[in-house]
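Below, each chain spelled out in residue letters.
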Amino acid sequence: MHILRRLLHKRFMRVSGAAVLLLAFVWLLLPQPDLYPPEFRFSRTLEDRRGSLLHLALTPDGKYRRYTPLAEISPALIEATLTLEDRHFYDHPGVNPLSMLRAAWGIVSGSTRGGGSTITMQLARLRFGLHTRTPWGKAWQMLRAVQLEKHYSKDAILEAYLNQAPYGGNVEGVGAASLLWCGKPARDLTLREAVALSVLPQSPTTRRPRSTGDNASLAAAQHRLWERLRTERSLPADPLDAAFTLRQMQPVPREAPHLARRLFTEKPAADLPTSGLPLRCTVDAIRQRGVEQALNDYVDRKREVGITNACALLVHAPSREVLAYVGSSRFLDSSIHGQVDGVLARRSPGSALKPFIYALATDQGLIHPHTLLRDGRMAFGSYNPENFDRNFAGPIAAAEALYHSRNIPAVALAQRLASPGLYGFLKEAGVALPRPAEFYGLSLPLGGGEVSMEELAELYALLASDGSASRLNYFTPETTIATKPLLTAEARYLTREMLRTREGELVMDDPAVTWKTGTSHGFRDAWAAGMRGDYVLVVWIGNFSGKANPVFIARECAAPLLFETFRHLRLPMRRQPAPAGVSQVELCAVSGQLPTPHCQHRVQGGFIPGVSPITPCDIHREVLVDPATGLRVARDDGTSILKREVFEFWPPDLLEMFRLAGVPRRTPPPLEAKADSLVAADAAAVPKIVSPRAALVYTLQASSASRSTIPLRADTAPGVNRVFWFAGSRFLGASDPATPVMWTASAGKWQVHVLDDQGRGSAVEVRVEMVP
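Every value quoted in this text rests on a predicted model; they were computed, and no experiment measured them.

I tried to follow the sheet that holds strand S5 (residues 279–280) on my own but got confused; where do I start?
In a beta sheet, neighbouring strands are held together by backbone hydrogen bonds and run either parallel or antiparallel to one another. Spatially, the three strands line up as an open sheet ordered S2-S1-S5, and their pairing is mixed. Because the sheet does not close on itself, it has two edges, and the strands there are strand S2 (53–56) and S5. The pairing of strand S1 (residues 45–47) with S5 spans two bridges and is parallel. Counterpart to Glu 47 in the pairing with S5 is Arg 280.

The structure is reproduced here in structure tokens:
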């Protein structure tokens, strides 16, 4: 018997040893698995510049999962989870034999002493999709648990479990659970909230918090766990009123939906677990909500007049960082196609590009803010632009022409810009104009090309800051690249001052705002772009369908929204001082030129020394008048008593513009008809031919009446009433100085002459080509 016992013992030892060696060999061969299933994805999350959550998206399988590192999970939740699920987690190798025996005894005895699965085994079930209700499934779960323990630390396993555990409904992982059930990040959970969440993974369906219905199972489970913790930590009794804190899911963060969708598309998710890391953008959550609220309030008030949609973009100009991004007034409103991103849509900007014409003209020495521009009927070949109100203001200061968005001065100024003009500037600034410059022609200043809100914000950020062409930033750049300014600091400053709010504006009443509007042809788009210190705000009102509405007049609808949004945001103000290259001088208030002693009304104005066209005023002149005849006398010969008076000497075409605009001017009386007076008066003021221009080749189209003629115009001296035109020796026609003569030219080289009614003349040489 003793010998038999020894033989059996030896055999048992051999078998046991072989089993241990086999297990050890299998353990050594176990490959390293991933901690997450291959198809597992975290929700994409977008955070604002301070780390506040803006947007939480659903995963492709319809779940909310927010990746949360173990270090950012409340110790209270870790303690509650381990107390409930696996208090010996840090002591076992993935399988706890005592827990397994206790669970087996519970099955045999019918008691409810809990399951035997460890945290690692539960992770194995989630990771590998195991069915663990059969002996074979349980054995496979244990093997997988040992495999995980072999390759990963306890903290890595616990982190993976807490990020995959089900917490009721379509909420998985403690990061999403703490946010959607408790309304806070996992690191901020209290012990009571931790207890409430920790009991959900054991039975996520029956214990799911509900706003209505029976939550008794959830409350009981919470109470039992609290009692266990109370016994171990001497906690107070369970506060019964807190047992039902998880009744209703918190609103899912869905701010800046257009931007979130765009950035998630442009920045694809990387491999796990980094795909769960949030994207932190430059948006400021407080300002994002402020812009959204301002737009929604405005649209709600104006809905009855057909304003149902609006977009906005707020930018910090020096850094080009986007602070607020609103692609439509309501993302989920299908009636306005709310999911279309209006920030990226390309539309006509109307007059919103005019400031850049004036800035370029200022840089090129064509104007300063008080330079007089012509606002009267003008034709540019076959292009005949009109003002929005179909009226003319006559001669008008550049600043007033820009502020009141007069079309004709802008087009005339754009034509005078040095090549490559406005088109070249826009291309260099990053505006995607798909056609060549000839396609747009002189319609570009009035919205003839399409831009996006993003491009318009980039242009105004250029004007508000350093003048360089830089793209908007949605993420804080690691480095900045210095680029050459497209506009000088002096031109940018003077242009902004031209756009500054005037006194007496009722709605646009913030003098710190410099702004411009744009209304597209056919009343389809209403734009307003404003600069306030370091901030640029662009707003748009319209329909994504392109449907027109006569209410879409930018100055009447978009500008009030712009100022309303600025007031709502309460942005800090930093007034930018004038650059050293800008001088302030006293100017004649009428002519915009340096005042002479005869200029009675004067204003302060800025100009760029050595660049701006600034000359002494030649409009106000003192003349001698014979009281007896009321006529102007060239010189005092002592034969009669004369008086000295100051009159305005305007070129005839400008005087005609004043007349058509209904603006009276104090013009000089006629000159007396003495020979010496006629010779002495304006002897050198020969007429200056404006059209045709010297040395140009004019291509005319014989088959088109509108393209077969050349307008003949000349600037003449005050007092000229008639001009006469000749091509070589051939008489072409006569008219008053303000009315062009239309010349039906033929091919060849021509010497074009003009004579005024006082015998003064000038000539230019042009070449004419004809096409069918």
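Honestly, the side chain of Thr 68 in this entry has me stumped. Any pointers?
On the secondary structure map, Thr 68 appears in the loop between strand S3 (64–65) and helix H2 (75–85). One polar contact links the side chain of Thr 68 to the main-chain carbonyl oxygen of Arg 66, over a distance of 3.0 Å. Thr 68 has contacts with Ile 73, Glu 159, Asn 163, Gly 175 and Ala 186, leaving out every residue within four places of it along the chain.

Please clarify how empty space enclosed by the protein should be interpreted in this entry.
The probe, sized like a water molecule, is rolled over the atoms to show the empty space still left. Inspection of the entire model under this criterion finds one cavity of 30 Å³ or more. The volume enclosed by the largest cavity comes to roughly 100 Å³. If you trace the largest cavity, you find 13 residues lining it, with Arg 496, Arg 500, Thr 514, Gly 533 and Gln 576 closest to the centre. Where the lining of the largest cavity is concerned, the elements lending two or more residues are helix H18 (489–498) and strand S13 (525–532).

So what exactly am I meant to see when it comes to the environment of Arg 730 here?
Residue placement: Arg 730 occurs in strand S24 (residues 730–735). Using a relative accessible area of 42% as the deciding quantity, one classes Arg 730 as partly exposed. Separated by 22 residues in the primary sequence, Arg 730 and Val 752 place their C-alpha atoms 9.5 Å from one another. With residues up to four places along the chain from it excluded, the contact list for Arg 730 reads Trp 725, Trp 743, Thr 744 and Trp 750.

Just checking my understanding: could you explain the sheet that holds S13 for this structure?
With antiparallel pairing, the five strands of this open sheet are ordered in space as S7-S6-S14-S13-S12. Of all strands in the sheet, those with a lone pairing partner are strand S7 (321–326) and strand S12 (513–519), marking the two edges. On average, each strand axis in the sheet is tilted by 10° relative to the strand beside it, whichever way the strands run. Note that S13 and strand S14 (residues 535–542) share eight bridges and pair antiparallel. Looking across to S14, one finds that Asp 525 is bridged to Gly 542. With respect to the sheet, helix H19 (residues 554–569) is in contact with strand S6 (310–316), S12, S13 and S14, its orientation differing from that of S13 by roughly 35°.

I keep staring at the packing of H2 against helix H9 (residues 216–233) and nothing clicks. Help me out?
The description of two packed helices rests on the angle between their axes and on the distance between the axes. It is the contact of H2 with H9, at a shortest axis distance of 10 Å, that shows an interaxial angle of 105°. In terms of their interaxial angle, H2 and H9 are classed as roughly perpendicular. Contacts between H2 and H9 involve Glu 79, Ala 80, Thr 83 and Leu 84 on the former and, on the latter, Leu 225, Arg 228, Leu 229, Glu 232 and Arg 233. A per-class count over the contact of H2 with H9 returns four nonpolar, one polar and four charged.

What should I look at first to understand helix H11 (residues 285–302) in this one?
The periodicity of an α-helix, 3.6 residues per turn, causes residues three or four places apart in sequence to face the same way. With 18 residues, H11 ought to run about 26 Å at 1.5 Å a step, and its terminal C-alpha atoms sit 26 Å apart, in line with that. Measuring from the backbone nitrogen of Ile 286 back to the side-chain oxygen at the start of H11 gives 2.9 Å, which picks out Asp 284 as the cap.

Please explain the packing of aromatic side chains as it appears in this structure.
To describe a pair of aromatic rings, you give the distance between the ring centres and the angle between the ring planes. Applying the stated criterion across every chain, the model contains 17 aromatic pairs. Centre to centre, the rings of Trp 743 and Trp 750 are 5.8 Å apart; their planes meet at 90°, and the pair counts as edge-to-face. Like Trp 743, the residue Trp 750 is buried in the burial classification. Grouped by ring-pair contacts, the aromatic residues Tyr 36, Phe 40, Phe 42 and Tyr 67 constitute a single cluster. Cation over ring: Arg 144 sits above Phe 128, and NZ or CZ is 4.0 Å from the ring centre. Above the face of the Phe 439 ring, Arg 435 is positioned so that its terminal group lies 4.3 Å from the ring centre.

Criteria and thresholds
- Residues numbered from 1 in each chain as written.
- Predicted model: local features only at pLDDT ≥ 70, side-chain atom pairs only at ≥ 80, totals over all residues.
- Heavy atoms only, no water.
- Pairing = 2+ DSSP bridges.
- Helix = DSSP H or I, 4+ residues; strand = E, 2+ residues; numbered from the N terminus.
- Polar contact = N/O pair within 3.5 Å; in protein donor to acceptor, adjacent residues only side chain to side chain.
- Contact = heavy atoms within 4.5 Å.
- 1 Å grid on protein atoms, 1.4 Å probe; cavity = no way out; pocket = protein on both sides within 12 Å on 5 of 7 lines; lining within 4 Å.
- Points joined across faces, edges and corners; volume = space filled by probe spheres on them.
- Buried < 20%, exposed > 50% of the residue type's maximum accessible area, 1.4 Å probe, protein only.
- Axes fitted to C-alpha atoms, helices over the stretch in contact; angles between N-to-C directions.
- Parallel < 35°, antiparallel > 145°, perpendicular 65-115°, else oblique.
- Nonpolar A, V, L, I, M, F, W, Y, C, P; charged D, E, K, R; others polar.
- Expected span 1.5 Å × (residues − 1).
- Phe/Tyr/Trp six-rings, centres within 6.5 Å; stacked < 30°, edge-to-face > 60°.
- Lys NZ or Arg CZ within 6 Å of the ring centre and 35° of its normal.

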